[in-house]
Number of protein chains: 2
Amino acid sequence: MRIIDEMGAKAKAASRTLAVAGEKKNDALKAIAKALIENQDKIIEANKLDLENGEKNGLSAALIDRLRLDEGRIKGVADGVLEVAALPDPIGTVISGSTRPNGMEIRRVRVPLGVIGIIFESRPNVTVDAAVLCLKSGNACILRGGKEAINSNKCLAYIMQDAIESAGLDKNCVQLIEDTTRQSSVELMELTEYLDVLIPRGGKGLIRAVVENAKVPVIETGAGNCHVFVDESADIDMAANIIYNAKTSRPSVCNAIETILVHENIAEKALPVIKARLDEKNVELRGCEKTRAILGDSVKPADESDWETEYGDYILAVKVVSSIDEAMAHIAKYSTGHSECIVTKDFKNAKIFTSTVDSAAVYVNVSTRFTDGGMFGLGAEIGISTQKLHTRGPMGLNELTSVKFIIEGDGQVR
Amino acid sequence: MRIIDEMGAKAKAASRTLAVAGEKKNDALKAIAKALIENQDKIIEANKLDLENGEKNGLSAALIDRLRLDEGRIKGVADGVLEVAALPDPIGTVISGSTRPNGMEIRRVRVPLGVIGIIFESRPNVTVDAAVLCLKSGNACILRGGKEAINSNKCLAYIMQDAIESAGLDKNCVQLIEDTTRQSSVELMELTEYLDVLIPRGGKGLIRAVVENAKVPVIETGAGNCHVFVDESADIDMAANIIYNAKTSRPSVCNAIETILVHENIAEKALPVIKARLDEKNVELRGCEKTRAILGDSVKPADESDWETEYGDYILAVKVVSSIDEAMAHIAKYSTGHSECIVTKDFKNAKIFTSTVDSAAVYVNVSTRFTDGGMFGLGAEIGISTQKLHTRGPMGLNELTSVKFIIEGDGQVR
């Protein structure tokens, strides 16, 4: 038997106890939060190994920073665990119900998905974040983190397992795959016997690889080629402000924008104002011919690849369009279906945009940066689904559940 | 460009118009119902070709019967279409919403999935059933039916396309793959660029093949190894009645039972009563040693394979168990997660059973034969999901939708 099959079987068994664990789940979460603080020296020591290896292997300063765990960050992670403990338990919620004409009572109830696999990259805090969201929603999880963080991840997983056990639950509710070769991640993607769903968290390459190779059901997350369309009736200052925020407040995240589309009737007035705001952060613009005719040659010419690219950086593509239809057609062609915004004063255009644009989050006069479980009031987030099956948009605890029908009666037959 | 890519692109384009088609969808459904009746001679003629080929190829009488379309059945299909037209439109339903502290208004709204692929076997009525459920829920569909029904399916698809066009919608909302080679079904399973979900409808072999080979998201349907557990406190007549109904009212369907588990404290009294009822329909019993000790050697001995088998026939496996825990462990090991029932007078055992057993439908004192969209009040059904992702149990119109978030504000930035 392969190690992964043993882990799968243990996870399945643990998930059955977890499905009916009720308040013990919160006991386990509180124990985890406490143990993280109590063991912070151990965590920092393990993390130091990863940081040293990272420097030896020439990781960029940005990646080293994502890897790092210090007292403040561990405190942040522990606080996050307590916040999840304080959220309402989704399991057992009655979603709908009725009494049928024959007297049988039907209700549709939230139940856990079962066993969730998570494949993620270098940030070790994901190890805890993902595990506690799975735990709270009654799911056992099998975690497969990146090799850069393996020492930190192992330390965090052991601490969580001990804490879970101390709360009277099966420690195999949370398991970490310690083998970080490509093979182990392929095995997880093919673990159809035990895994109910696999969620990749990380860059485009990782997500593509999982979607293309997994045999288990996958929730695709994260890729965000997001747009702002400045309609001809837009408040120009509002448009510039939203664009500035959506591009520069955190360019590396998936809800940041990559392309703006500007109506030709407002372009001459709006583009200079928008550019002036973006110049504050030295954002590089890449424009279509009409854009460059207005803003001049300091704007680089954009080509097809610019419309397709999620820069994740201080770069923004700009296109002048002749109508809302052209804007929506551009979005339909190039968007990854994450978040799009129209800035407009026109009620009808707002309605056309929100009903036609087919993305997880469609905004009117609001920055796309709000696409986030916390910001949407879901309490927590394990990722942002950009697929349509199961769920779309930020995934909170409810999105980590399935349903079952319970039917009670007194001998009804058909 | 392959034919399947052309069909995919046409379906995607059609799905965008269908997403905002509103009442026109019902116009199209009514036109389809009318056209089916008006063209019934044509349909019956095309169907005759399939029946003749079927007889030539030695199809069983049961399969020939499933293939057959006559006036009565066409009327039944057309009436079904009108029933779907009369159901509420799921698209645009606001599932939840709130105003966030910063004043932005969020709502989560039902939207179509987009393009749905359906792979099915010999029953030509599925061609219409599946197409109209997709149409009503705003989804374009690509249908791939079995070769036995290809002449009927082509005729039905043309009639539907004409009717859809007459209602002012894009006829490519419904497309049929006319190539019935294995290759065409593999191509559909790999059509990741255009397909949002693939639903197989048919026997175990078909479903397995789709789940294992598809690269697009799949909703697994149908396999039903269902159980009734007769608890020690059961009303014996009620138990016998439920078992009789769940086994014999229609043995070939997925919500029929295959194994009963009987508590040892009631087995001696209950088994003869149950057997007497089942004898009315000559149901073959295959029992464990304890069962045979009570009922005698006329009951064949059951082996491991009997616990695993979905007979789909007048055969029932019988096992005596020493506790509800043993019953639930047996179900956890062998069930396909479709429908299970406990017959009991004991309140606590009823609650333990419904909260622990991990199946789409869990019954107390009700026949498993009710697991059905119509019986559950969903109005219609495209299949019964036995997976946990997206949905579980009977799938009605709501289950053919996704969601999007719409956020409206007045310049909020983060």
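Predicted model only: the values in this text are computed from it and were never measured.

This brings us to the sheet that holds strand E3 (residues 115–120) of chain B. Residues and elements named next belong to chain B. Read across the sheet, four strands follow the order E5-E4-E3-E6 without closing on themselves; strand pairing throughout is parallel. Looking at strand neighbours, the two that pair on one side only are strand E5 (174–176) and strand E6 (197–201), the edges of this open sheet. Each neighbouring strand pair of the sheet contributes to a mean axis angle of 20 degrees, computed without reference to strand direction. Bridging between E3 and E6 involves five bridges; their strand directions are parallel. Residue Phe-120 lies in a different strand from E6, and its bridge partner there is Arg-201. Contacts from helix H1 (residues 3–18) reach E3, strand E4 (140–144) and E5 within the one sheet, and its direction differs from that of E4 by about 145 degrees.

A few words now on the packing of aromatic side chains. Applying the stated criterion across every chain, the model contains four aromatic pairs over all chains. Between Phe-229 of chain A and Phe-353 of chain A the ring centres are 6.4 Å apart and the planes differ by 20 degrees, which places this aromatic pair in the stacked class. A residue pair is termed long-range when its members are at least 10 positions apart, and Phe-229 of chain A in strand E7 (residues 226–230) and Phe-353 of chain A in helix H15 (residues 347–356) qualify at 124 residues. We note that Phe-229 of chain A, like Phe-353 of chain A, is buried. Taken together, a centroid distance of 4.9 Å and an interplanar angle of 50 degrees make the contact between Phe-405 of chain A and Phe-376 of chain B tilted. Taken together, the residues Phe-405 of chain A in strand E16 (residues 401–412) and Phe-376 of chain B in the loop between strand E13 (361–366) and strand E14 (383–385) connect one chain to another. The exposure class of Phe-405 of chain A is buried, given its relative accessible area of 3%.

Here the structure, examined in full by the defined rule, presents zero disulfides over all chains. With no disulfide of its own, Cys-341 of chain A has Cys-226 of chain A as its nearest cysteine by sulfur position, at a separation of 11 Å. As a non-bridged cysteine, Cys-288 of chain B has Cys-341 of chain B as the owner of its nearest cysteine sulfur, 19 Å distant.

Turning to the relation of the copies chain B and chain A, a few remarks are in order. At an RMSD of 0.0 Å, chain B and chain A line up after a rotation of 180 degrees and a shift of 0.0 Å along the axis. Both chain copies can therefore be described as sitting about a two-fold axis. Residue His-390 of chain B, judged by its C-alpha, is the member of chain B lying nearest the rotation axis, at 1.7 Å. Most of the interface of chain B is mirrored in chain A, where 100% of its interface residues again form contacts.

What follows covers the pairing of strand E13 (residues 361–366) of chain A. When you tally the buried positions in E13 of chain A, you get six out of six residues, the bulk of the element. As defined by bridge partners, strand E12 (residues 339–343) of chain A adjoins E13 of chain A across four bridges and the pair is classed as parallel. Bridge pairing in E13 of chain A places Cys-341 of chain A opposite Tyr-363 of chain A. When E13 of chain A meets strand E16 (residues 401–412) of chain B, the two strands line up parallel, connected through five bridges. Bridge pairing in E16 of chain B places Ala-361 of chain A opposite Phe-405 of chain B.

Moving on to the interface of chain B and chain A. How large an interface is tends to be reported as the accessible area lost when its parts come together. In this assembly, 67 residues from chain B lie in contact with 67 residues from chain A. Viewed at the interface, chain A and chain B are joined by four salt bridges. Here chain B and chain A share 39 residue pairs in polar contact (both at pLDDT 80 or more) between them. Elements with a contribution of two residues or more to the side of chain B that touches chain A: strand E2 (105–112), helix H10 (236–248), helix H15 (347–356), E13, strand E15 (393–395) and E16 of chain B. The residue inventory of the side of chain B that touches chain A, partitioned by class, reads 30 nonpolar, 21 polar and 16 charged.

The next thing to look at is the pairing of strand E9 (residues 284–287) of chain B. All names here are of chain B. Across the two faces of E9 the burial differs, with Leu-285 and Gly-287 buried and Glu-284 and Arg-286 not buried at all. Pairing geometry for E9 and strand E11 (residues 315–321), over four bridges, is parallel. The residue bridging Arg-286 from the neighbouring strand is Ala-317, located in E11. Two strands pair when backbone bridges link them, and E9 and strand E10 (residues 300–301) are joined in this way by two bridges, in the parallel orientation. Paired with Gly-287 across the two strands is Pro-301, which belongs to E10. Taking the sense of rotation as the criterion, the β-α-β connection linking E9, helix H12 (residues 289–295) and E10 turns out right-handed.

What follows deals with the pattern of salt bridges. As a working rule, side chains carrying opposite charge can pair if their charged atoms are close by. Inspection of every chain in the model, using the stated rule, returns 48 salt bridges over all chains. Close ionic contact of Glu-289 of chain B with Arg-292 of chain B constitutes a salt bridge, the shortest N to O distance being 3.7 Å. With Glu-289 of chain B and Arg-292 of chain B both in helix H12, this residue pair falls three residues apart, about one helical turn. When its relative accessible area of 18% is taken as the criterion, Arg-292 of chain B is described as buried. Three or more residues joined by partner-sharing salt bridges are found here, namely Glu-284, Arg-286, Lys-300 and Asp-306 of chain A.

This part takes up the packing of helix H5 (residues 71–86) of chain B against helix H6 (residues 125–136) of chain B. All names here are of chain B. Where H5 contacts H6, the two axes come as close as 10 Å, and the packing angle between them is 10 degrees. Considered as vectors, H5 and H6 are oriented roughly parallel to each other. Residues Val-77, Val-81, Val-84 and Ala-85 of H5 form the contact with H6, whose participating residues are Asn-125, Val-128, Val-132, Leu-133 and Lys-136. Partitioning the contact of H5 with H6 into residue classes produces seven nonpolar, one polar and one charged.

Here we come to the side chain of Asn-153 of chain B. Tracing the chain through its elements places Asn-153 of chain B in helix H7 (residues 150–166). Setting aside residues no more than four positions away along its own chain, Asn-153 of chain B makes contact with Phe-120, Pro-124, Thr-127, Gly-145, Gly-146 and Leu-176 of chain B.

Hydrogen bonds along the backbone pair up the strands of a sheet, which may run parallel or antiparallel. Taken in spatial order, the 10 strands make up an open sheet running E1(A)-E2(A)-E16(A)-E13(B)-E12(B)-E7(B)-E8(B)-E11(B)-E9(B)-E10(B), and their pairing is mixed. The outermost strands of the open sheet, each flanked by one partner alone, are strand E1 (94–99) of chain A together with E10 of chain B. In the sheet, strand E7 (residues 226–230) of chain B pairs with strand E8 (residues 257–263) of chain B via five bridges, with the strands oriented parallel. Bridging from a neighbouring strand, His-227 of chain B pairs with Thr-259 of chain B of E8 of chain B. Packed onto the sheet, H10 of chain B meets E16 of chain A together with E7, E8, E11, strand E12 (339–343) and E13 of chain B and runs at close to 165 degrees relative to E8 of chain B.

Moving on, we come to helix H8 (residues 182–189) of chain B. Buried within H8 of chain B are the following residues: Ser-184, Ser-185, Glu-187, Leu-188 and Met-189 of chain B. Buried-residue contacts for H8 of chain B involve H1, E3, E4, E6 and helix H9 (204–213) of chain B.

Turning next to helix H9 (residues 204–213) of chain A. Residues and elements named next belong to chain A. Along H9, the residues that are buried comprise Leu-206, Ile-207 and Val-210. Relative to the axis of H9, the buried residues are bounded by an arc of 95 degrees and lie together on one face. Opposite the buried face of H9, at more than 90 degrees from it, the exposed residues are Lys-204 and Gly-205. Buried residues belonging to H9 abut strand E3 (115–120), helix H8 (182–189) and strand E6 (197–201).

Moving on, we get to the packing of helix H2 (residues 24–38) of chain B against H5 of chain B. Residues and elements named next belong to chain B. It is at 9 Å that the axes of H2 and H5 come closest, and there the two elements cross at 170 degrees. As far as their axial angle goes, H5 and H2 are roughly antiparallel. Judged by residue contacts, Asn-26, Leu-29, Lys-30, Ile-32, Ala-33, Leu-36 and Ile-37 of H2 engage Ile-74, Lys-75, Val-77, Ala-78, Val-81, Leu-82, Val-84 and Ala-85 from H5. Looking at the contact of H2 with H5 residue by residue, the classes come out as 12 nonpolar, one polar and two charged.

All names here are of chain B. Looking at where Thr-401 falls in the secondary structure, it is placed in strand E16. Engagement of the side chain of Thr-401 in a polar contact is seen with the side chain of Arg-110, the distance being 3.1 Å. A polar contact is formed between the side chain of Thr-401 and the backbone oxygen of Asn-398, at a distance of 2.6 Å. Beyond its immediate sequence surroundings of up to four residues, Thr-401 is in contact with Pro-90, Ile-91, Arg-110, Val-111, Leu-113 and His-390.

Criteria and cut-off values
- Residues numbered from 1 in each chain as written.
- Chains lettered and ligands numbered in written order.
- Predicted model: local features only at pLDDT ≥ 70, side-chain atom pairs only at ≥ 80, totals over all residues.
- Heavy atoms only, no water.
- Pairing = 2+ DSSP bridges.
- Helix = DSSP H or I, 4+ residues; strand = E, 2+ residues; numbered from the N terminus.
- Axes fitted to C-alpha atoms, helices over the stretch in contact; angles between N-to-C directions.
- Contact = heavy atoms within 4.5 Å.
- Phe/Tyr/Trp six-rings, centres within 6.5 Å; stacked < 30°, edge-to-face > 60°.
- Buried < 20%, exposed > 50% of the residue type's maximum accessible area, 1.4 Å probe, protein only.
- Disulfide = S-S within 2.5 Å.
- Least-squares fit on C-alpha atoms with pLDDT ≥ 70 in both.
- Salt bridge = Lys/Arg side-chain N within 4 Å of Asp/Glu carboxyl O.
- Polar contact = N/O pair within 3.5 Å; in protein donor to acceptor, adjacent residues only side chain to side chain.
- Nonpolar A, V, L, I, M, F, W, Y, C, P; charged D, E, K, R; others polar.
- Right-handed = clockwise from strand over helix to strand, strands pointing away.
- Parallel < 35°, antiparallel > 145°, perpendicular 65-115°, else oblique.
- Arc of directions from axis to C-beta.

So far we have only geometry, and geometry alone does not tell us how the molecule works.
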